[in-house]
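Single-letter residue listing:
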Amino acid sequence: MSTQGAILERPDHYSGKLELDRFSYDNNIVRLFATATMVWGAIGMLVGLLAALELVFPGLNGGIEYITFGRIRPLHTNAVIFAFVGNGIFTGVYYSLQRLCKTRMYSDALSNINFWGWQLIILSAVITLPLGYTSSKEYAELEWPIDIAITIMWVVFGYNMFATILQRRTRHLYVAIWFYIGTFVTVAVLHVVNSFELPISFMKSYSFYAGVQDALVQWWYGHNAVAFFLTTPYLGLMYYFVPKAANRPVYSYKLSIIHFWALIFLYIWAGPHHLLYNALPDWAQSLGVVFSVMLLAPSWGGMLNGLLTLRGVWDRVREEPVLKFFVVALTAYGMATFEGPMLSLKNVNAISHFTDWTIAHVHVGGLGWNGMLTFGMLYWLMPKMYQTKLFSTKLANTHFWIATLGILFYALPLYWAGFTQSLMWKEFTQEGMLAYPNFLETVTQLKPMYAARAFGGGMYIVGVLIMAYNLVMTAKQGSFLKNEPAEAAPLKDVYEKPQGEHWHRWIERRPVQLMVGSLIVILIGGMVEMIPTFLVESNVPTIASVKPYTSLELHGRDLYIKEGCNNCHSQMVRPFRSETERYGEYAKAGEFVYDHPFLWGSKRTGPDLLRLGGKYPDSWHYHHMLDPESMSPGSIMPAYPWMFENEIEVETTEAKISAMRSLGVPYPEGYEEEAVADMKLQAEEITANLAESGIQVSSDKEIIALIAYLQRLGTDIKADADKEVKPYEIVPENK
Amino acid sequence: MAASILLLMAPLAAKAQEAAATETAPSFSDSELMMGLAIFLAAALVLAALGLLFATIALKGILSGSPQAQTETAEQAGSKSLWQQLKSSLMDSESPEQEEERMTDHEYDGIRELDNSLPPWWKALFYATIVFSVVYMAAYHVFGWGALQDEEYQQEVAAAKLEIEAYMAAKGGALTEENVEVVTDAALLSEGEQIFAANCAACHGSELQGTVGPNLVDEYWLHGGSVGDIFKTIRDGVPSKGMISWKAQLSPEQIQNVSSFIISKAGSNPPNAKEPQGEVFKR
């Protein structure tokens with residue numbers, strides 16, 4: 001039983017009497033996805049470099065609205081997650097699945113639809129995100145028509161994968177395929193639930209959820225995008241490519257079983273650790289903490305199974321670039337999954353959250369785990385499919401070192417930056433005053449670190465370009481094997497269970513049960529956290545003075561979303577003395593009930609804006625948006641001159657109001673008709689105000705709506721009862 | 001893990017203290033928090049480093065050992081070194097040379113699987129995190145031993161208040177609009193000038209001539225021109241007119257210096273001066 005030959009003659013397969021089935025593997029689809037991985041990887045990372053440089057040179061966008069930090073940050077994250085890693089997943093799955101199932105993909109047509117459809121989705125992201133079409137929800141920024149396209153493509157992929165599994169010539173599913181199945185079902189659930197939104201026009205929608213609930217759903221999604229898009233499929237790839245490249249058996253089958261089920265069960269609960277000390281109910285936060293801590297061992301299970309598979313071949317690790325990339329990938333995975341649980345402890349998170357520490361953390365995972373594993377996989381795959389040797393081992397080694405150093409140069413300055421900034425935010429003088437009351441001081445301090453980070457990122461990109469050259473040259477010197485011939489014995493109809501079989505083998509030969517099983521396992525965590533938050537009123541206590549936005553403020557809010565302000569500004573004052581002193585009263589769950597979507601943010605490159613309303617005069621905002629440095633010398637915020645030219649889209653007002661009402665915001669019946677008149681009233685009040693400060697501006701410009709929104713921010717809970725109610729304010733009918 | 005459990009207990013201990021003596025500072029301050037964190041991180045790093053060191057040595061031992069050496073150690077099973085005992089109790093795996101004994105009959109595209117046990121240290125880690133989680137949830141949400149975030153905030157603010165009061169009492173009271181005086185010391189005025197340039201010039205003009213905000217060098221004042229009035233206006237602001245409150249950003253001494261600087265520039269008659277607003281105030 002222990003040798004290869006014996007395995008082929010297992011009683012499970014017809015052999016001897018029957019002919020072997022002859023078929024071929026589709027390498028062409030693998031090559032397409034591999035090429036897309038490289039191309040989009042380079043593009044996505046270059047966009048990231050541009051974003052990084054904009055923090056050092058704020059004028060770098062050259063006054064062009066399409067490439068401000070706020071608009072290209074989502075482009076960078078979407079491109080590297082869904083275009084680089086996404087195509088990387090498809091490359092590895094399409095290659096390994098056929099071989100692990102001993103069959104060609106179920107349908108070449110579906111494979112090709114999957115490929116071209118996915119590239120079109122990415123292309124639409126590249127076009128729409130810079131244009132400002134965004135839902136504002138992180139890693140789910142794409143607007144509703146693209147969301148639908150993603151759903152369709154994901155189903156195409158899943159159908160093709162599952163049909164392939166069902167026609168396999170092997171009895172049992174290898175652990176890599178468990179991870180592929182878990183990935184497929186979970187990503188489907190995450191994407192569909194988080195994308196519930198009400199369209200108001202072709203490229204604009206409002207999130208179905210509001211405030212606290214929207215935040216919980218978003219970070220349940222956001223965290224599990226990391227878990228089920230960046231982690232589980234890549235663990236599957238790791239389980240195929242590491243033993244293949246090392247030519248070693250997987251270290252422990254038992255470990256595979258326990259870490260697979262534990263990982264997918266525990267991961268789904270961990271989302272609330274993105275909302276620690278936010279206005280989320282305490283019990284949900286605590287669940288986020290403990291499930292993150294419990295994730296440590298299952299995550300390390302994957303790392304161990306990968307690293308220990310290399311036992312006995314460490315001498316080859318020194319020589320073979322592919323194995324080197326895999327070792328660094330697994331080590332980075334181990335580091336990131338150790339750091340994750342630590343960052344989820346509330347007292348550590350109190351320091352790390354909203355700072356560059358988080359950015360450093362995700363890049364150890366992204367550049368280290370996903371990047372290095374992808375590179376190793378490509379260096380292994382391409383020569384195989386082109387039936388040749390790698391063009392240059394030396395260049396691959398150069399790539400390895402430049403990428404490894406690049407990760408260090410990227411991450412270390414940002415760890416330093418995060419820690420520095422957080423300490424500055426929290427420092428008090430003996431008189432009880434903030435030691436750095438001007439937020440800007442804590443930003444200008446970081447500029448050298450931002451420059452060093454851009455340098456590290458630049459190194460990493462140079463590595464990718466070297467790889468692209470190396471692989472193109474490899475392709476040139478080889479000849480591509482489009483359809484790789486293969487043969488395998490067909491399966492017997494009846495399975496004869498051997499004595500003493502491990503219990504888990506049962507589900508390994510039942511793909512449908514495996515899928516249903518993983519679906520049940522991943523649904524539990526999300527349901528336990530979401531259902532009470534939606535249904536139990538005490539989780540979001542009502543505040544009577546909180547009113548819906550006026551039509552002008554609603555327009556302003558949509559502009560805030562369009563410009564991606566939430567990428568640099570949070571709207572979440574945490575219950576810390578250092579934050580209430582700096583910003584004002586800490587955030588309460590009831591303040592956000594009309595916020596479709598929520599805009600709490602996850603990073604403070606600029607100060608928190610929750611209590612901005614009334615803090616500065618209208619003229620301050622006017623000058624600040626036109627030239628931030630005029631009001632805040634040294635600011636790294638870009639200028640927004642186009643908001644002074646563009647006019648507010650009055651024609652969408654009606655649709656906005658009625659969509660909000662459908663979502664439960666209590667605008668009075670028939671308010672749509674008054675909304676435009678009210679908007680003009682409020683806008684003219686602001687222009688009159690500006691005129692007093694010597695500013696002449698027409699009341700139909702975007703800047704007026706933005707000022708209205710900024711001046712409204714966080715003011716509801718300070719409202720005193722005696723204040724006169726302005727005619728354009730919304731008074732909900734006896735609610 | 002031990003470190004994190006200790007850290008977890010810190011607020012609990014603080015609460016216990018509070019129950020014992022309500023008047024003493026009940027919570028841990030920021031610096032204690034930082035210290036706790038530093039100790040925790042250091043412990044975590046040491047643990048991680050030890051783990052890595054162990055893994056490296058273990059791997060190196062497993063990998064570099066020749067088959068003969070392995071057989072010898074197997075023969076000398078009775079006299080295993082402490083290190084080998086530790087290693088086997090932590091890993092519980094077969095060496096690559098003996099792994100055929102632990103090979104499963106699984107085969108997928110040439111990939112085979114060993115049936116090594118779960119590493120005992122890994123299992124211990126997993127159990128420890130589960131215990132931690134149960135204790136954590138019980139402590140905060142069943143027994144209510146730990147302070148949740150609103151309560152934690154109240155404690156933090158109360159502790160700070162006591163500290164500040166003690167400091168102010170020792171210092172002999174704070175500057176207010178009642179007791180503030182114009183300073184004439186050149187160093188203090190120059191500090192005032194810098195504060196003005198950084199914070200005030202954006203609205204009042206770099207020459208105090210007035211732009212968005214009023215002219216500060218003429219004799220006309222909207223909210224009074226005495227040093228006490230200016231001090232109060234800067235500290236509390238006039239939100240309705242767009243003048244923000246600076247009390248969170250400037251200390252009373254800094255407000256005194258900048259007020260004195262403004263007074264020192266009276267009558268400087270800069271170009272492009274804004275028209276007078278308010279009432280005449282003569283010093």
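Residues numbered from 1 in each chain as written. Chains lettered and ligands numbered in written order. Predicted model: local features only at pLDDT ≥ 70, side-chain atom pairs only at ≥ 80, totals over all residues. Heavy atoms only, no water.

What chain B contains, in helices and strands, is nine helices and four strands. Listed by position from the N terminus, the elements making up chain B come as α-α-α-α-β-β-α-α-α-β-α-α-β. Taking all 283 residues of chain B together, the buried fraction comes to 39%. Within chain B, contacts between residues at least 6 apart in sequence are counted, and of these 64% link residues at least 24 apart. (Helix = DSSP H or I, 4+ residues; strand = E, 2+ residues; numbered from the N terminus. Buried < 20%, exposed > 50% of the residue type's maximum accessible area, 1.4 Å probe, protein only. Contact = heavy atoms within 4.5 Å.)

Residue and element names in this part refer to chain A. Taken together, the four bridges between strand β2 (residues 197-201) and strand β3 (residues 204-207) define a ladder with antiparallel strand orientation. Its bridge partner lying in β3, L198 is registered against Y206. With antiparallel pairing between neighbouring strands as the criterion, β2 and β3 make up a hairpin whose turn holds two residues. (Pairing = 2+ DSSP bridges.)

Quick look at the interface of chain B and chain A now. Residue-level contacts link 69 residues of chain B with 85 residues of chain A. Of the roughly 7100 Å² buried at the junction of chain B and chain A (both faces included), carbon and sulfur atoms supply 66%. Sorting the residues of chain B by area buried against chain A places Y108, D109 and Q149 of chain B first, and these three jointly supply 11% of that buried surface. Taken together, chain B and chain A are joined by five salt bridges. For E99 of chain B, the salt bridge is made with R248 of chain A, and the minimal N-O distance between the two is 2.8 Å. Of all elements in the fold, only α2 (30-64), β1 (103-108), β2 (111-114), α5 (120-142), α6 (149-171) and α9 (252-264) of chain B reach the threshold of two or more residues within the side of chain B that touches chain A. (Buried area = accessible area lost by both parts, 1.4 Å probe. Salt bridge = Lys/Arg side-chain N within 4 Å of Asp/Glu carboxyl O.)

So, about helix α24 (residues 653-662) of chain A. All names here are of chain A. All of the buried residues along α24 are T653, K656, I657, A659, M660 and R661. Taken together, the buried residues of α24 touch β2, β3, α20 (551-562) and α25 (671-692). Positive backbone phi, at 105°, marks G664, one or two positions downstream of α24.

On to the nonpolar core, then. Residue and element names in this part refer to chain A. W118 and M372 are the most contacted members of the largest nonpolar core, which has 208 residues in total. Element by element, the count of residues in this core is highest for helix α7 (residues 211-246), at 22 residues. When residues are assigned to domains, this core turns out to be shared by domain 1 (24-485 + 517-529) and domain 2 (551-587 + 605-724), each giving three or more. W118 has contacts with F82, G86, N87, F90, I113, I150, M153, W154 and F229, leaving out every residue within four places of it along the chain. Formed by 72 residues, the second largest nonpolar core is a distinct cluster that contains Y560, I561, Y640 and M643. (Core = buried A, V, L, I, M, F, W, Y, C linked by side-chain atoms within 4.5 Å. Domains from an automatic or database assignment.)

Attention now goes to the packing of helix α15 (residues 393-426) of chain A against helix α17 (residues 447-477) of chain A. In a pair of packed helices, the angle between the axes and the distance between the axes together describe the arrangement. Residue and element names in this part refer to chain A. Between α15 and α17, the shortest axis-to-axis distance is 8 Å and the interhelical angle comes to 160°. Here α15 is positioned roughly antiparallel relative to α17, judged by the angle of their axes. Here the hand of the crossing between α15 and α17 comes out left-handed. Tallied by class, residues from the contact of α15 with α17 come to 23 nonpolar, eight polar and one charged. (Axes fitted to C-alpha atoms, helices over the stretch in contact; angles between N-to-C directions. Parallel < 35°, antiparallel > 145°, perpendicular 65-115°, else oblique. Left-handed = near helix turned anticlockwise from the far one by under 90°. Nonpolar A, V, L, I, M, F, W, Y, C, P; charged D, E, K, R; others polar.)

What follows deals with the state of the cysteines. Residues and elements named next belong to chain A. Counted according to the given criterion, the structure contains zero disulfides over all chains. Here C565 stays unpaired: no disulfide links it, and the sulfur of C568, its closest cysteine neighbor, is 8.7 Å away. Given a relative accessible area of 17%, C568 falls into the buried group. (Disulfide = S-S within 2.5 Å.)

This part is about the packing of aromatic side chains. All names here are of chain A. Counted according to the given criterion, the structure contains 65 aromatic pairs over all chains. Between F208 and Y209 the ring centres are 5.3 Å apart and the planes differ by 85°, which places this aromatic pair in the edge-to-face class. Of the residues examined, Y209 reaches a relative accessible area of 8% and is grouped as buried. Following the ring pairs from residue to residue traces out a cluster consisting of F33, F82, F90, Y94, F115, W116, W118, W154, F157, F184 and F229. Its guanidinium or amino end placed over the ring of F428, R577 lies 3.5 Å from that ring's centre, counting from NZ or CZ. (Phe/Tyr/Trp six-rings, centres within 6.5 Å; stacked < 30°, edge-to-face > 60°. Lys NZ or Arg CZ within 6 Å of the ring centre and 35° of its normal.)

Okay, the pattern of salt bridges next. Using the criterion set out here, one finds 40 salt bridges over all chains in the structure. Among the ionic pairs, E496 of chain A bridges to K492 of chain A, the shortest N-O distance being 3.8 Å. E165 of chain B is paired through a salt bridge with K161 of chain B; the nearest N and O atoms lie 3.6 Å apart. Placement of the pair is E165 of chain B and K161 of chain B together in helix α6, with a separation of four residues, close to one helical turn. Residue E165 of chain B is classed as partly exposed on the basis of its relative accessible area of 42%. Take K161 of chain B: its relative accessible area is 53%, and that puts it in the exposed class. Connected through salt bridges with shared partners, the residues R574, E579, R604 and D608 of chain A form a single ionic network.

A few words now on empty space enclosed by the protein. All names here are of chain A. Tallied over the entire structure, the rule returns nine cavities of 30 Å³ or more. Of the volumes computed, that of the second largest cavity is approximately 170 Å³. Taken together, 15 residues form the lining of the second largest cavity, with Y549, E591, D595, G714 and D716 sitting closest to its centre. Its residues assigned to classes, the lining of the second largest cavity comprises seven nonpolar, three polar and five charged. (1 Å grid on protein atoms, 1.4 Å probe; cavity = no way out; pocket = protein on both sides within 12 Å on 5 of 7 lines; lining within 4 Å. Points joined across faces, edges and corners; volume = space filled by probe spheres on them.)

What follows deals with the domain arrangement of chain A. Residues and elements named next belong to chain A. Assigned domains of chain A: these are domain 1 (24-485 + 517-529) and domain 2 (551-587 + 605-724). The interface is formed by 47 residues belonging to domain 1 together with 38 residues belonging to domain 2. Summed over both partners, the interface of domain 1 with domain 2 comes to about 3600 Å²; 64% of that surface belongs to carbon and sulfur atoms. Viewed at the interface, domain 2 and domain 1 are joined by two salt bridges. Among the salt bridges present, the one from R71 reaches E563, with a minimum N-O distance of 2.8 Å. Summed over the shared surface of domain 1 and domain 2, the number is nine residue pairs in polar contact (both at pLDDT 80 or more). Only α2 (28-56), α3 (69-101), β2, β3, α13 (346-352), α15, α16 (439-444) and α17 provide two or more residues apiece to the side of domain 1 that touches domain 2. A total of five residues in the side of domain 1 that touches domain 2 trace back to one element, the largest contributor, which is α3. (Polar contact = N/O pair within 3.5 Å; in protein donor to acceptor, adjacent residues only side chain to side chain.)

The next thing to look at is α9 of chain B. Residues and elements named next belong to chain B. Here α9 spans 18 Å end to end across 13 residues, near enough to the 18 Å set by a 1.5 Å rise per residue. For α9, the tally of buried residues reaches ten of 13 residues, placing the bulk of the element in the interior. Three or more residues of α9 are buried, namely P252, I255, Q256, N257, V258, S259, S260, F261, I262 and I263. The secondary structure elements touched by the buried residues of α9 are α7 (186-204), β3 (220-221) and α8 (227-236). (Expected span 1.5 Å × (residues − 1).)

With that settled, the discussion passes to unusual backbone geometry. Residues and elements named next belong to chain A. The omega torsion of the bond from H596 to P597 falls at -5°, within 30 degrees of zero and hence cis. On the secondary structure map, P597 appears in the loop between α21 (577-583) and α22 (618-626). The backbone of S136 shows a phi angle near 80°, a positive value even though the residue is not glycine. Examined against the element boundaries, S136 turns out to sit in the loop between α4 (108-131) and α5 (144-166).

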